[in-house]
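# Breakdown of the fold
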Amino acid sequence: MKKILCLSILFLLVLGGVSFARESIIEKIQKQGVIRVGMSTFVPWAMKDKQGNLVGFEIDVAKKLARDMGVKIEFVPTAWSGIIPALLTGKFDVIIGGMGITPKRNLKVNFTIPYDYSGMSMVAHKSKAKGFSSLADFNKKEVSIALRLGTTAEQAARKYMPNASLKLFENESQALQELNLGRVHAVVSSAPMPVFHALKYPDKLFIPFKENFTKEPIGFAIRKGDHDALNYLNNWVLNMHAQGFLKDKKAYWFESKKWEDLVK
(Lines give C-alpha, C1' and ligand atoms only; values in the text may rest on other atoms or scores of the structure.)
Protein backbone atom coordinates (compact mmCIF):
# COMPACT_ATOMS: atom_id res chain seq x y z
CA MET A 1 0.00 0.00 0.00
CA LYS A 2 2.83 2.40 0.93
CA LYS A 3 4.62 1.61 -2.33
CA ILE A 4 1.49 2.40 -4.35
CA LEU A 5 1.03 5.65 -2.39
CA CYS A 6 4.63 6.75 -3.03
CA LEU A 7 4.33 6.02 -6.74
CA SER A 8 1.08 7.97 -6.86
CA ILE A 9 2.70 10.98 -5.18
CA LEU A 10 5.66 10.81 -7.58
CA PHE A 11 3.29 10.68 -10.55
CA LEU A 12 1.39 13.73 -9.28
CA LEU A 13 4.60 15.68 -8.73
CA VAL A 14 5.73 14.99 -12.29
CA LEU A 15 2.34 16.03 -13.63
CA GLY A 16 2.53 19.18 -11.54
CA GLY A 17 5.80 20.19 -13.15
CA VAL A 18 8.11 19.47 -10.21
CA SER A 19 11.51 18.42 -11.51
CA PHE A 20 14.15 16.45 -9.67
CA ALA A 21 17.70 17.80 -9.81
CA ARG A 22 20.03 15.85 -12.02
CA GLU A 23 23.77 15.74 -11.55
CA SER A 24 25.44 18.92 -12.79
CA ILE A 25 28.19 18.58 -15.37
CA ILE A 26 30.39 20.37 -12.82
CA GLU A 27 29.96 17.49 -10.38
CA LYS A 28 30.57 14.96 -13.13
CA ILE A 29 33.79 16.71 -14.18
CA GLN A 30 35.05 16.75 -10.61
CA LYS A 31 34.28 13.05 -10.14
CA GLN A 32 36.00 12.08 -13.40
CA GLY A 33 38.89 14.48 -12.86
CA VAL A 34 38.78 15.76 -16.44
CA ILE A 35 36.90 18.39 -18.43
CA ARG A 36 36.24 17.60 -22.09
CA VAL A 37 36.29 20.72 -24.27
CA GLY A 38 34.80 20.82 -27.75
CA MET A 39 36.65 23.17 -30.10
CA SER A 40 37.65 23.77 -33.69
CA THR A 41 40.67 25.49 -35.19
CA PHE A 42 40.48 29.22 -35.86
CA VAL A 43 43.59 31.43 -35.97
CA PRO A 44 44.48 32.70 -33.37
CA TRP A 45 41.72 31.18 -31.25
CA ALA A 46 43.03 27.62 -31.54
CA MET A 47 45.73 26.18 -33.80
CA LYS A 48 48.59 23.71 -33.93
CA ASP A 49 52.16 24.74 -33.09
CA LYS A 50 55.28 23.32 -34.75
CA GLN A 51 55.18 20.29 -32.45
CA GLY A 52 51.52 19.61 -33.18
CA ASN A 53 50.27 20.90 -29.84
CA LEU A 54 47.18 23.07 -29.58
CA VAL A 55 47.86 26.73 -28.80
CA GLY A 56 45.84 29.93 -28.97
CA PHE A 57 43.51 32.21 -27.03
CA GLU A 58 40.80 29.58 -26.48
CA ILE A 59 43.36 26.97 -25.51
CA ASP A 60 44.78 29.24 -22.80
CA VAL A 61 41.28 30.07 -21.54
CA ALA A 62 40.23 26.41 -21.40
CA LYS A 63 43.45 25.34 -19.65
CA LYS A 64 43.01 28.07 -17.03
CA LEU A 65 39.43 26.91 -16.39
CA ALA A 66 40.66 23.32 -15.91
CA ARG A 67 43.39 24.45 -13.49
CA ASP A 68 40.92 26.44 -11.44
CA MET A 69 38.62 23.41 -11.28
CA GLY A 70 41.53 21.19 -10.26
CA VAL A 71 41.05 18.78 -13.16
CA LYS A 72 42.83 17.66 -16.31
CA ILE A 73 41.68 18.80 -19.75
CA GLU A 74 40.84 16.86 -22.88
CA PHE A 75 40.37 18.80 -26.11
CA VAL A 76 37.94 17.28 -28.60
CA PRO A 77 38.55 18.80 -32.07
CA THR A 78 35.23 18.85 -33.91
CA ALA A 79 34.01 20.06 -37.30
CA TRP A 80 32.35 23.42 -36.69
CA SER A 81 29.21 22.55 -38.61
CA GLY A 82 28.53 19.68 -36.20
CA ILE A 83 29.87 21.06 -32.94
CA ILE A 84 26.51 21.85 -31.31
CA PRO A 85 25.02 18.41 -32.12
CA ALA A 86 28.19 16.85 -30.71
CA LEU A 87 27.74 18.81 -27.46
CA LEU A 88 24.09 17.76 -27.22
CA THR A 89 24.97 14.07 -27.61
CA GLY A 90 27.55 14.30 -24.80
CA LYS A 91 30.78 13.99 -26.78
CA PHE A 92 32.21 16.73 -24.57
CA ASP A 93 31.15 18.90 -21.64
CA VAL A 94 31.46 22.44 -22.96
CA ILE A 95 32.24 24.33 -26.16
CA ILE A 96 35.09 26.81 -25.74
CA GLY A 97 35.73 27.76 -29.33
CA GLY A 98 35.06 31.40 -30.09
CA MET A 99 31.36 30.71 -30.49
CA GLY A 100 29.25 33.80 -31.09
CA ILE A 101 26.14 34.08 -28.93
CA THR A 102 23.17 34.17 -31.30
CA PRO A 103 19.42 33.75 -30.70
CA LYS A 104 19.30 30.77 -33.05
CA ARG A 105 22.09 28.92 -31.24
CA ASN A 106 20.63 29.90 -27.87
CA LEU A 107 17.51 27.88 -28.68
CA LYS A 108 19.66 24.76 -28.61
CA VAL A 109 22.28 25.51 -25.94
CA ASN A 110 22.84 27.71 -22.92
CA PHE A 111 25.52 30.38 -23.17
CA THR A 112 27.57 31.92 -20.41
CA ILE A 113 27.99 35.67 -20.15
CA PRO A 114 30.51 36.91 -22.76
CA TYR A 115 34.16 36.31 -22.02
CA ASP A 116 35.14 38.11 -25.22
CA TYR A 117 33.75 40.09 -28.15
CA SER A 118 34.58 39.52 -31.78
CA GLY A 119 33.44 40.81 -35.14
CA MET A 120 33.47 39.97 -38.82
CA SER A 121 36.26 41.17 -41.04
CA MET A 122 37.26 40.51 -44.63
CA VAL A 123 40.44 39.82 -46.57
CA ALA A 124 40.28 40.30 -50.35
CA HIS A 125 42.29 39.47 -53.45
CA LYS A 126 44.09 42.50 -54.87
CA SER A 127 43.45 41.79 -58.54
CA LYS A 128 39.96 40.29 -58.35
CA ALA A 129 38.65 42.91 -55.89
CA LYS A 130 40.64 45.88 -57.16
CA GLY A 131 39.06 49.15 -56.06
CA PHE A 132 36.59 47.47 -53.68
CA SER A 133 36.26 49.43 -50.43
CA SER A 134 32.73 48.85 -49.09
CA LEU A 135 30.24 46.07 -48.41
CA ALA A 136 28.24 47.32 -51.39
CA ASP A 137 31.18 46.55 -53.69
CA PHE A 138 31.06 42.92 -52.59
CA ASN A 139 27.26 42.64 -52.64
CA LYS A 140 27.01 41.68 -56.31
CA LYS A 141 26.10 38.40 -57.95
CA GLU A 142 29.36 38.29 -59.89
CA VAL A 143 31.36 38.48 -56.65
CA SER A 144 32.34 35.20 -54.95
CA ILE A 145 33.10 34.97 -51.24
CA ALA A 146 34.58 31.96 -49.45
CA LEU A 147 33.83 31.16 -45.82
CA ARG A 148 33.49 28.40 -43.30
CA LEU A 149 30.23 26.45 -43.17
CA GLY A 150 27.98 26.94 -40.15
CA THR A 151 29.78 29.97 -38.72
CA THR A 152 28.58 33.47 -37.85
CA ALA A 153 30.72 34.53 -40.82
CA GLU A 154 28.23 32.72 -43.06
CA GLN A 155 25.31 34.43 -41.30
CA ALA A 156 26.98 37.84 -41.65
CA ALA A 157 27.73 37.32 -45.33
CA ARG A 158 24.13 36.29 -46.06
CA LYS A 159 22.84 39.33 -44.18
CA TYR A 160 25.18 42.04 -45.47
CA MET A 161 26.00 40.63 -48.91
CA PRO A 162 22.88 38.68 -49.94
CA ASN A 163 23.58 39.06 -53.66
CA ALA A 164 27.11 37.67 -53.55
CA SER A 165 27.91 34.09 -54.48
CA LEU A 166 29.00 32.17 -51.38
CA LYS A 167 31.40 29.22 -51.47
CA LEU A 168 31.18 27.23 -48.24
CA PHE A 169 33.97 25.04 -46.87
CA GLU A 170 34.26 22.67 -43.91
CA ASN A 171 37.38 24.41 -42.61
CA GLU A 172 38.89 27.86 -42.89
CA SER A 173 42.15 26.77 -44.50
CA GLN A 174 40.22 25.60 -47.58
CA ALA A 175 38.51 28.98 -47.89
CA LEU A 176 41.82 30.81 -47.60
CA GLN A 177 43.40 28.53 -50.19
CA GLU A 178 40.64 29.49 -52.65
CA LEU A 179 41.46 33.13 -52.02
CA ASN A 180 45.21 32.65 -52.39
CA LEU A 181 44.64 30.92 -55.74
CA GLY A 182 42.46 33.81 -56.93
CA ARG A 183 39.32 31.70 -57.26
CA VAL A 184 37.23 34.00 -55.03
CA HIS A 185 37.15 37.73 -54.40
CA ALA A 186 37.33 37.54 -50.61
CA VAL A 187 37.07 35.54 -47.40
CA VAL A 188 34.87 36.60 -44.48
CA SER A 189 35.93 35.48 -41.00
CA SER A 190 36.18 36.57 -37.39
CA ALA A 191 38.78 39.20 -36.65
CA PRO A 192 41.74 39.29 -36.47
CA MET A 193 42.36 36.36 -38.84
CA PRO A 194 41.71 38.35 -42.07
CA VAL A 195 44.28 40.97 -41.05
CA PHE A 196 46.86 38.33 -40.15
CA HIS A 197 46.34 36.55 -43.47
CA ALA A 198 46.64 39.78 -45.46
CA LEU A 199 49.91 40.58 -43.69
CA LYS A 200 51.18 37.11 -44.57
CA TYR A 201 50.55 37.61 -48.31
CA PRO A 202 50.84 41.39 -48.86
CA ASP A 203 51.58 41.05 -52.59
CA LYS A 204 48.27 39.28 -53.29
CA LEU A 205 45.84 40.26 -50.54
CA PHE A 206 44.47 43.36 -48.82
CA ILE A 207 41.93 44.49 -46.21
CA PRO A 208 39.15 46.40 -48.02
CA PHE A 209 37.88 48.23 -44.93
CA LYS A 210 39.58 48.85 -41.60
CA GLU A 211 36.72 48.37 -39.16
CA ASN A 212 34.91 45.09 -38.47
CA PHE A 213 31.43 45.20 -39.99
CA THR A 214 29.76 43.30 -37.09
CA LYS A 215 30.25 42.95 -33.34
CA GLU A 216 29.28 39.79 -31.50
CA PRO A 217 29.57 38.48 -27.93
CA ILE A 218 31.47 35.21 -27.42
CA GLY A 219 30.50 32.69 -24.75
CA PHE A 220 30.97 29.12 -23.52
CA ALA A 221 28.15 26.79 -24.60
CA ILE A 222 26.73 23.98 -22.46
CA ARG A 223 23.70 21.72 -22.64
CA LYS A 224 20.43 23.32 -21.55
CA GLY A 225 19.00 22.92 -18.06
CA ASP A 226 22.24 22.79 -16.05
CA HIS A 227 21.84 25.85 -13.84
CA ASP A 228 24.67 24.92 -11.47
CA ALA A 229 27.16 24.69 -14.34
CA LEU A 230 25.94 27.97 -15.82
CA ASN A 231 26.31 29.66 -12.41
CA TYR A 232 29.85 28.35 -11.95
CA LEU A 233 31.02 29.29 -15.46
CA ASN A 234 29.43 32.74 -15.34
CA ASN A 235 31.16 33.52 -12.07
CA TRP A 236 34.44 32.14 -13.41
CA VAL A 237 34.20 34.51 -16.39
CA LEU A 238 33.45 37.44 -14.05
CA ASN A 239 36.53 36.57 -12.00
CA MET A 240 38.76 36.31 -15.06
CA HIS A 241 37.60 39.73 -16.26
CA ALA A 242 38.23 41.20 -12.79
CA GLN A 243 41.70 39.66 -12.53
CA GLY A 244 42.72 40.89 -15.98
CA PHE A 245 43.45 37.36 -17.22
CA LEU A 246 41.18 37.63 -20.26
CA LYS A 247 42.47 41.09 -21.12
CA ASP A 248 46.09 39.93 -20.97
CA LYS A 249 45.42 36.86 -23.11
CA LYS A 250 43.46 38.93 -25.65
CA ALA A 251 46.36 41.38 -25.91
CA TYR A 252 48.87 38.56 -26.49
CA TRP A 253 46.91 36.60 -29.10
CA PHE A 254 45.01 39.37 -30.89
CA GLU A 255 47.09 42.52 -30.52
CA SER A 256 50.62 41.18 -30.87
CA LYS A 257 52.54 38.84 -33.14
CA LYS A 258 54.77 37.43 -30.38
CA TRP A 259 53.28 33.98 -30.92
CA GLU A 260 53.99 33.79 -34.67
CA ASP A 261 57.19 31.80 -34.30
CA LEU A 262 55.25 29.10 -32.45
CA VAL A 263 53.28 28.19 -35.55
CA LYS A 264 55.56 29.05 -38.47
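As a reminder, the structure under discussion sits directly above these lines.
As a starting point, this report considers the structure included with it. Keep in mind the model is a prediction, meaning the values are calculated, not measured.

Looking now at helix α2 (residues 25-32). Along α2, the residues that are buried comprise Ile25, Ile26 and Ile29. Taken end-on, α2 shows its buried residues confined to a sector of 105 degrees, consistent with a single buried face. Buried residues along α2 sit against β1 (34-39), α3 (57-69) and α10 (227-243). The distance from a side-chain oxygen at the start of α2 to the backbone nitrogen of Ile26 is 3.1 Å, and the residue carrying that oxygen is Ser24. Where α2 ends, the next residue or the one after it, Gly33, has phi of about 75 degrees, a positive value.

Let's shift gears to the environment of Ser173. Locating Ser173 in the fold gives a position in helix α8 (residues 172-180). When the C-alpha atoms of Ser173 and Met122 are compared, they prove to be 15 Å apart, with 51 residues separating the residues in sequence.

In this section: helix α7 (residues 152-160). What α7 keeps buried is the set Thr152, Ala153, Glu154, Ala156 and Ala157. If you follow the buried residues of α7, they end up packed against α5 (103-106), β8 (120-125), β9 (144-148), β10 (165-169), β11 (186-190) and β13 (216-218).

A few words on the nonpolar core. Membership of the largest hydrophobic core comes to 51 residues, with the highest contact counts inside it found for Ile35, Ile96 and Phe220. At 7 residues, the largest contribution of residues to this core is made by α3. Discounting chain neighbours no more than four positions away, the residues touching Phe220 are Val61, Leu65, Val94, Ile95, Ile96, Asn110, Phe111, Thr112, Tyr115, Leu233, Trp236 and Val237. Phe132, Val188, Phe209 and Phe213 belong to the second largest nonpolar core, which has 19 residues in total.

Let's shift gears to the sheet that holds strand β12 (residues 205-206). Pairing in this open sheet of 5 strands is mixed, and the strands run β10-β9-β11-β8-β12 from one edge to the other. Each edge of the sheet is formed by a strand with only one pairing partner; in this case those strands are β10 and β12. As judged from the 5 bridges shared by β9 and β10, these two strands associate in the parallel manner. What sits directly across from Arg148, in β10, is Phe169.

What counts and what doesn't
Residues numbered from 1 in each chain as written. Predicted model: local features only at pLDDT ≥ 70, side-chain atom pairs only at ≥ 80, totals over all residues. Heavy atoms only, no water. Buried < 20%, exposed > 50% of the residue type's maximum accessible area, 1.4 Å probe, protein only. Helix = DSSP H or I, 4+ residues; strand = E, 2+ residues; numbered from the N terminus. Arc of directions from axis to C-beta. Contact = heavy atoms within 4.5 Å. Polar contact = N/O pair within 3.5 Å; in protein donor to acceptor, adjacent residues only side chain to side chain. Core = buried A, V, L, I, M, F, W, Y, C linked by side-chain atoms within 4.5 Å. Pairing = 2+ DSSP bridges.

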